Amino acid sequence: MAVLDLLFYTFIVVVSIQVFYYIFIFGRFAFLKVHEQPSKNLPVSIIICAKNEAENLQVFLPSIISQDYQNFEIVLINDASKDKTLKVINEFKASHQNIKVVDVISNEAFWGNKKYALTLGIKASSHDTLIFTDADCKPVSNQWLKEMTAHFDTHKSIVLGYGTYAKVKNSFLNKLIRYETLITAIQYFSFAKIGIPYMGVGRNLAYTKKEFFDANGFITHMKVRSGDDDLFINQVANSTNTTICFSPNSFTESLPKTTYKSWFTQKRRHVSTAKYYKGIHKFLLALIYISKILFWILAVLLLLISFKTLAVIALILFMLLIQYIIVGCSSKKLGETDVLILLPILEIFLIVAQLTIFIKNLISKPNHWK
């Protein structure tokens, strides 16, 4: 009986940890209101690094070019592509004066390192305000630049945006991808709001060139092939210089993976950078994940052995209610409400996938930038 009591009280502690995170941390974003910012009309350099992205550039680059913004340039970086990427880039440049081309040739010391290519692109840019996106991304509106740049001021030199994925009907994988993206955004937006920002996504991220060069660019993690977005933000972001932008017109939309294998490989690369985060970030993120695992393990175990069944069910329902409220409010802001109906199922699948990825990464190193 003492063991069962210990399991039950451990379950209560785990639920308490989860409730604390959802109400006092994630609630900061969930209940945050969008405040319209006055347009700044800052000169902007959009940085896009492309490696074997000829087809995607032809599809998505027009939505970048057609932004309703007064003064911007597009820095297109061809990162040693083997397809027709450079040809496509030069064709766009021929008809648009605000496009600048940076052709990166393979460098033995930095082979396959996107950070090297991005550094060359940043150095070639003309403006201090830099906005990053990917070659397979498109802004959801022509107000993207206005929305993102409006959040810069004398103190804010980093703006974290939201990059969603295109919806695919009747696809569980698509809902899983978008749920994971939603939960990640809730976390990094919320942590930024409480003054401990830890990451951003390269699909929609902005910072100043001064911020980049003051930090000596990616030098501290140049040997880590991934993490040009989250590791850099983890290094330089703080409570003073970082803000968030989540107005609907500020989103970008990317092509989602269409197979579990390709998504799993992508997530392995993303997860592999987390071990380089600052200690406080690793602790807080690990506590979230461990408490989620323990919540479901202990809940199932206590129900199977029928120990304090009514109390366990009450705690599960209470936790799910809190989760639905916080994730629900956040999903409305980020346009992902259709994933809510499958929330518990997606949560369990994601936990299992992340655990599998963690174990896989311990055994072998993931592949990196194409």
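Up top is the structure.
These notes cover the structure that comes with them. Every chain is numbered on its own, with residues counted from 1 as its sequence reads. Only residues with pLDDT of 70 or above have their local features reported here, since the model is predicted, and side-chain atom pairs are shown and tallied only from 80 upward, although totals for entire chains, interfaces and linings are computed over all residues. In computing side-chain properties, one takes all heavy atoms of the structure into account and sets aside hydrogens as well as water.

1. Quick look at the overall build of the protein chain
The criterion, for reference: Here a helix means four or more residues in a row that DSSP labels H or I, a strand means two or more in a row labelled E, and each is numbered from the N terminus. With C-alpha atoms as the basis for the radius of gyration, the globule rule is written as 2.2 Å multiplied by the number of residues raised to the power 0.38. For each residue, the accessible area found with a 1.4 Å probe, counting protein chains only, is set against the maximum for its type, and the residue is called buried under 20%, exposed over 50%, and partly exposed in between. We call two residues in contact when some of their heavy atoms are within 4.5 Å. Accessible areas in this description were obtained via Shrake-Rupley with a 1.4 Å probe; residue shielding takes into account the shown protein chains only.
Assigned secondary structure in the protein chain consists of 12 helices and 10 strands. Taking 370 residues into account, the globule formula puts the C-alpha radius of gyration at 21 Å, and the protein chain, at 22 Å, falls close to it. With respect to the three principal axes, the spread of C-alpha positions in the protein chain is 75 × 45 × 40 Å. Out of the 370 residues in the protein chain, the part that is buried amounts to 54%. When contacts within the protein chain are restricted to residue pairs at least 6 apart in sequence, long-range pairs at least 24 apart make up 84% of them. On the protein chain, roughly 17,200 Å² of surface is accessible, and the fraction owed to carbon and sulfur atoms is 62%.

2. Topic: the nonpolar core
Burial of nonpolar side chains together is a common tendency in soluble globular proteins. Definition in use: Among buried residues, the Ala, Val, Leu, Ile, Met, Phe, Trp, Tyr and Cys ones that are joined through side-chain atoms within 4.5 Å form a nonpolar core.
The biggest cluster of nonpolar side chains holds 85 residues, and the ones touching the most others in it are Phe11, Phe189 and Tyr207. In contact with Phe189, not counting residues within four places along its chain, are Phe29, Leu160, Gly161, Tyr162, Ile244, Cys245, Phe246 and Leu334. One finds Val44, Leu57, Ile65 and Ile131 within the second-largest nonpolar core, a separate group that totals 26 residues.

3. A few points about helix α11 (residues 309-334)
Defined as follows: Under the convention used throughout, the expected extent of a helix is 1.5 Å for every residue step, that is, one less than its residue count.
The end-to-end C-alpha distance of α11, which contains 26 residues, comes to 36 Å, matching closely the 38 Å that a straight helix rising 1.5 Å per residue would cover. Looking one or two residues beyond α11, the residue adopting positive phi is Gly335, at roughly 70°.

4. Comments concerning the packing of aromatic side chains
Rules: By convention, a stacked pair of Phe, Tyr or Trp rings (six-membered ring in the case of Trp) has centres within 6.5 Å and planes under 30 degrees apart, an edge-to-face pair has planes over 60 apart, and any other such pair is tilted. When the NZ atom of lysine or the CZ atom of arginine is within 6 Å of a ring's centre and also within 35 degrees of its normal, the charge is said to sit over that ring.
Tallied over the entire structure, the rule returns 23 aromatic pairs. For the pair Phe212 and Phe213, a centre-to-centre distance of 5.3 Å together with 80° between the ring planes defines the contact as edge-to-face. By way of ring pairs, the aromatic residues Phe132, Tyr207, Phe212, Phe213, Phe218 and Phe232 are connected into one cluster. The ring of Phe29 is capped by Lys333, whose NZ or CZ atom sits 5.7 Å from the centre of that ring.

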